[in-house]
Amino acid sequence: VPAPTLELGFLSTDGQHFALNQTVAPHAVYLDRVTRQGTEWGTVTVNGQTWQHWVSADERTHSLVFREGTLTRVLVSDAGKDRLVEIAGMLVSAG
């Protein structure tokens, strides 16, 4: 049985595509797929939470990865790290 997964795509007001992915699936397989075989390039802090910054093998797609227990949340776009940080700052957990 596949793990429950949310995959939501949206456009910013300037026409940039973003995807918000969330799952409780095993990290390695899931991250390889949604980050386009990305690797971690460091971390950023967004609203007090530490997100990993990943970049795809071709360096075109950037992802921010947040893990909490079994939950993995990934924000993905070709818009670059700074834009992802801005969008991630708009996300609010429903504690």
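Residues numbered from 1 in each chain as written. Predicted model: local features only at pLDDT ≥ 70, side-chain atom pairs only at ≥ 80, totals over all residues. Heavy atoms only, no water.

## What to know about the side chain of Arg73
Next up, step 1: Of note, Arg73 is situated in strand β6 (residues 71-77).
Next up, step 2: Reaching out from Arg73, the side chain makes a polar contact with the side chain of Gln22 at a distance of 2.9 Å. (Helix = DSSP H or I, 4+ residues; strand = E, 2+ residues; numbered from the N terminus. Polar contact = N/O pair within 3.5 Å; in protein donor to acceptor, adjacent residues only side chain to side chain.)

## Here's the deal with the packing of aromatic side chains
Next up, step 1: The full count for this structure, using the stated rule, is 2 aromatic pairs.
Next up, step 2: Taken together, a centroid distance of 5.7 Å and an interplanar angle of 15° make the contact between Phe10 and Phe18 stacked.
Next up, step 3: Relative accessible area serves as the criterion here: at 0%, Phe18 is assigned to the buried category.
Next up, step 4: The interplanar angle of 35° and the centroid separation of 5.4 Å between the aromatic rings of Trp51 and Phe66 together place this pair among those described as tilted. (Phe/Tyr/Trp six-rings, centres within 6.5 Å; stacked < 30°, edge-to-face > 60°. Buried < 20%, exposed > 50% of the residue type's maximum accessible area, 1.4 Å probe, protein only.)

## Quick notes on the sheet that holds strand β2 (residues 17-23)
Next up, step 1: Sheet architecture is open: 6 strands sit in the order β1-β2-β6-β5-β4-β3, paired in antiparallel fashion. One side of each edge strand has no neighbouring strand; the edge strands of this open sheet are β1 (5-11) and β3 (39-46). Here the average twist between neighbouring strands, direction ignored, is 20°.
Next up, step 2: Of the strands in this sheet, β1, β2, β4 (49-55), β5 (62-68) and β6 are in contact with helix α1 (residues 27-34), which crosses β6 at around 10°. (Pairing = 2+ DSSP bridges. Axes fitted to C-alpha atoms, helices over the stretch in contact; angles between N-to-C directions. Contact = heavy atoms within 4.5 Å.)

## Points about the nonpolar core
Next up, step 1: In terms of nonpolar packing, the biggest core is built from 11 residues, these being Phe18, Leu20, Val44, Val46, Trp51, Leu64, Phe66, Leu75, Leu84, Ile87 and Ala88.
Next up, step 2: Looking at this core, the elements with two or more residues in it are β2, β3, β5 and α2 (81-88).
Next up, step 3: Top element by residues in this core is α2. It accounts for 3 residues.
Next up, step 4: In this view, Phe18 contacts Leu8, Gly9, Phe10, Ser12, Val76, Ser77, Ala79, Arg83, Leu84 and Ile87; residues no more than four positions away in its chain are not counted. (Core = buried A, V, L, I, M, F, W, Y, C linked by side-chain atoms within 4.5 Å.)

## Describing α1
Each α-helix turn comprises 3.6 residues. Residues three or four places apart therefore point the same way.
Next up, step 1: Listing the buried residues of α1 in full gives Tyr30, Leu31 and Val34. Taken end-on, α1 shows its buried residues confined to a sector of 95°, consistent with a single buried face. Residues of α1 that are exposed and point more than 90 degrees away from the buried face comprise Ala28 and Val29.
Next up, step 2: In this structure, the buried residues of α1 make contact with β1, β2, β4, β5 and β6. (Arc of directions from axis to C-beta.)

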